[in-house]
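Residues per chain, in single letters:
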Amino acid sequence: SVSIHPYLNQHTIPSFSLLNRFQERALGNSLARTWDRVSVLGNNRDYGHAGCVNALHWAYGGELLLSAGDDTTVQIWKMDPTNTSNDYPFVCRTVIHTGHKANIFNTAMLPHSNRIVTVAGDKQVRVFDVGDNRGLSVLGQNVRQEYYASQLKTHTLRCHEDRVKRIATEESPDRFLTVSEASDGTVRQHDLRTPHVCRNHCPAPLLQVHHELSTLTTSSYYCVVAGDSPYGYLFDRRFTGRERNVKADGIVPCVRRFGRAKQRKTGRYSRDHITGARMSAENGHEVLLSYSADGVYLFSTLDDPENSGSPSSSSSSSIVSPNSKRRRVSLDSRSTSSSASSSPPTEDTAMEIDDGSAHVQQRDGDEGEGEDEVENENEEEDDKSEEDNEESLTEEESRGFYPWVDVVKPRRRFLGARNVKTVKDVNFLGPRDEYVTSGSDDGNFFVWHKSTGKLHGIYEGDGSVVNVIEGHPYLPLVAVSGIDHTVKLFAPIDVNRKSAFSQMSNAESIMKANRKGSRSRGIRRIDLMNLLASFRASNTNGEDNNPTADCVNQ
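Residues numbered from 1 in each chain as written. Predicted model: local features only at pLDDT ≥ 70, side-chain atom pairs only at ≥ 80, totals over all residues. Heavy atoms only, no water.

(A) Broad picture of the environment of S505. Position of S505 among the secondary structure elements: in the loop between strand 32 (487-492) and helix 8 (507-519). Overall, S505 belongs to the exposed group, its relative accessible area being 69%. Along the primary structure S505 and G457 are separated by 48 residues, whereas in three dimensions their C-alpha atoms are 10.0 Å apart. (Helix = DSSP H or I, 4+ residues; strand = E, 2+ residues; numbered from the N terminus. Buried < 20%, exposed > 50% of the residue type's maximum accessible area, 1.4 Å probe, protein only.)

(B) Highlighting the nonpolar core. Among the nonpolar cores identified, the biggest contains 21 residues, and V187, L207, L216, V225, Y233, F235 and Y402 are the most heavily contacted of them. Those elements that place two or more of their residues in this core are strand 12 (175-180), strand 15 (213-219), strand 16 (222-227) and strand 17 (231-236). A total of three residues in this core trace back to one element, the largest contributor, which is strand 17. (Core = buried A, V, L, I, M, F, W, Y, C linked by side-chain atoms within 4.5 Å.)

(C) Examining the sheet that holds strand 15 more closely. Strand order in this open sheet of five strands is 15-16-17-18-24, and the pairing throughout is mixed. The open sheet has two edge strands, strand 15 and strand 24 (407-408), and neither has a second partner. Sheet topology note: the strand 16/strand 17 ladder contains five bridges and is antiparallel. Following the sheet pairing, Y222 is matched in strand 17 by D236. (Pairing = 2+ DSSP bridges.)

(D) Highlighting helix 8. Helix length check: helix 8 (13 residues) gives 18 Å between terminal C-alpha atoms against 18 Å at 1.5 Å per residue, within 8%. By the burial criterion, the buried members of helix 8 are A507, I510, M511, N514, R515 and S518. Down the axis, helix 8 shows its buried residues gathered within 135° of arc, on one side only. (Expected span 1.5 Å × (residues − 1). Arc of directions from axis to C-beta.)

Dropping the structure here:
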């Protein structure tokens, strides 16, 4: 038999764990510094996108960056080791012309494979097998490889009946989820190992709601969807509705709703809309929801819900996190829960700005215009008005909001960004998801400390609107995109340098302007969505043939 040295037997695994902790700490300390723009991808006329960039995805453990958008191409970026003049010399050497007939909204590479999935406004899900054509073999050469759908496409899935907005991958090279909006409102699970004839023999949707969906996020067996509703909905994929003895549309039941406190309405009634959702990949229980014309809210599946009072409602106990890092999550969640307010945040929540040297106290709503006083005087009338509006909902709309399911209230609210014009995503950043980030209509993206809600940074990320922010898996690097045709990369800089793209010196005026823009937002989102839906319905082909028609509003 082979003998193992006692030192190796006792210390190999702890040493590996110690190395991971050291790397996490180094990455966290680096992200705590001020950031600056370090590269712009696609500003060369020889390569880059020809429209808004709606999707970013880090693949192969961060070796590759996928980008896609209104020009219906997927472009694959990788660092060129022969370029020593740039700290982050990303180059595009592979372009896929997908053949979609409308804007691409999301793209992802399936784990443990060379398959790239795209979803678009033409209601289609397309799968491409790039094989070894990832731009790896031509690095160092000024050669760009272009491929067309006829060369790489392996699947075209037409199961959805409306525009397909988001992809959620699993730890599988064959399975993934997609979500579709308005007339569809479904989430479907696709398994590439089981072929079928679309439209005639499509598998039943995993879940279906009775209103428009804009976003989808997953963690293990949970998935959260949200859209034209005041709530985000948590579905448990381990059980069917029949097994859980709860009502369900589709295969799996809704077990929780995430919702903010009732909002004071001014003017005529308009529905709430959630544009982005994200579940924490690090701990598995935290959920971010980004509300149109409001802020970003943090929830947790570990928190006890408010009982809906319905005899058919689910258990009021908190849901156990599915993440394998259970012991560490329990400690973190207890400390976070104890530090969070027991009541939901209000519009008077204090916002503390961290500019790296001094702290400025900014109270949201304090604009010197008497708005808060007027709203406080009419609070009871506004609440009554909202109750009347809820009672006026049709039976189908009420059913679509799952009124029998318990509601979890937010732990924290993050303020400052303006989310009105486009469908913005939201994200965690940092090795332990210690930061929260969102794009804004003013062309900036905002970064907050998750544990305190304190503003960490405001950075200029786009000439018009920032919609997408994706952090690198292990480098202190963040990719940002929006209405511009380029992708911007941001990274921490030395403490002695000044950031050219930080807007923290103007933080107060920026947030004040964003609050005014959110409150007087002109065309309301629900009217805009109805207008777009009417436009699509009037199209005789049932498809958007102009790839750039919905650029601004995604």
